[in-house]
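So you can see what is in the structure, the chains are spelled out below.
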Amino acid sequence: MIVIEHLGEIPPGTKCSAVFFDSAKIRREKEFYAKLYSENGVHDLAVLRAMVAANVPDAPYWLVSLKSGDGAFGGVNRMHRVDDRTGKVLADPP
């Protein structure tokens with residue numbers, strides 16, 4: 001609901017789903033990004049940590065997906081992160 005209020009007008013039929021990322025899921029997400037970046041040549045620990053921090057929030061959040069419900073193949077799927085504590089939509093990673 002927060003995402004819908006933040007974005008404004010959402011067309012009827014839009015499909016919405018959400019997954020809660022608690023500390024255990026956040027830890028696994030950070031491990032995934034760290035492995036991904038290191039496999040792609042990032043070996044400086046400070047740079048690796050900064051890249052992971054830029055992509056994964058530290059606090060629990062909701063990952064919300066909004067997909068157009070017009071029935072067309074390849075519908076637009078928009079992903080948003082919502083802070084669990086404040087209810088605010090988090091900025092997308094750079």
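All values derive from a computational prediction rather than experimental measurement.

A few words on the sheet that holds strand E1 (residues 15–21). Pairing within the open sheet is antiparallel, and its 3 strands lie in the order E1-E2-E3. Strands with a single pairing partner mark the edges of an open sheet, and in this sheet they are E1 and strand E3 (77–83). Mean inter-strand twist for the sheet, computed between neighbouring axes without regard to direction, equals 20 degrees. Strands E1, strand E2 (61–67) and E3 of the sheet are contacted by helix H2 (residues 23–39), whose axis makes an angle of about 90 degrees with E1.

Now for the confidence of the model for the protein. This prediction gives the protein a mean pLDDT of 83; 82% of its residues lie at or above 70. Considering each helix and strand of the protein separately, the mean pLDDT is smallest for helix H1 (residues 2–7), with a value of 66, and largest for H2, with 95.

A separate point is the pattern of salt bridges. Two side chains bearing opposite charge may form a pair once their charged atoms approach each other closely. Within this structure, the stated rule accounts for 3 salt bridges. A salt bridge links Glu29 to Arg81; the shortest N-O distance between them is 3.1 Å. With Glu29 in helix H2 and Arg81 in strand E3, this residue pair connects regions lying 52 residues apart in the sequence.

For the pair H2 and helix H3 (residues 45–55), interaxial distance at closest approach is 9 Å and the crossing angle is 130 degrees. Comparing their axes, H3 and H2 come out oblique. By crossing handedness, the relation of H2 to H3 is classed as right-handed. For the pair H2 and H3, contact is made by Lys30, Tyr33, Ala34, Tyr37 and Ser38 and by Leu48, Met51, Val52 and Asn55, respectively.

Criteria and thresholds
- Residues numbered from 1 in each chain as written.
- Predicted model: local features only at pLDDT ≥ 70, side-chain atom pairs only at ≥ 80, totals over all residues.
- Heavy atoms only, no water.
- Pairing = 2+ DSSP bridges.
- Helix = DSSP H or I, 4+ residues; strand = E, 2+ residues; numbered from the N terminus.
- Axes fitted to C-alpha atoms, helices over the stretch in contact; angles between N-to-C directions.
- Contact = heavy atoms within 4.5 Å.
- pLDDT = per-residue confidence, 0-100.
- Salt bridge = Lys/Arg side-chain N within 4 Å of Asp/Glu carboxyl O.
- Parallel < 35°, antiparallel > 145°, perpendicular 65-115°, else oblique.
- Left-handed = near helix turned anticlockwise from the far one by under 90°.

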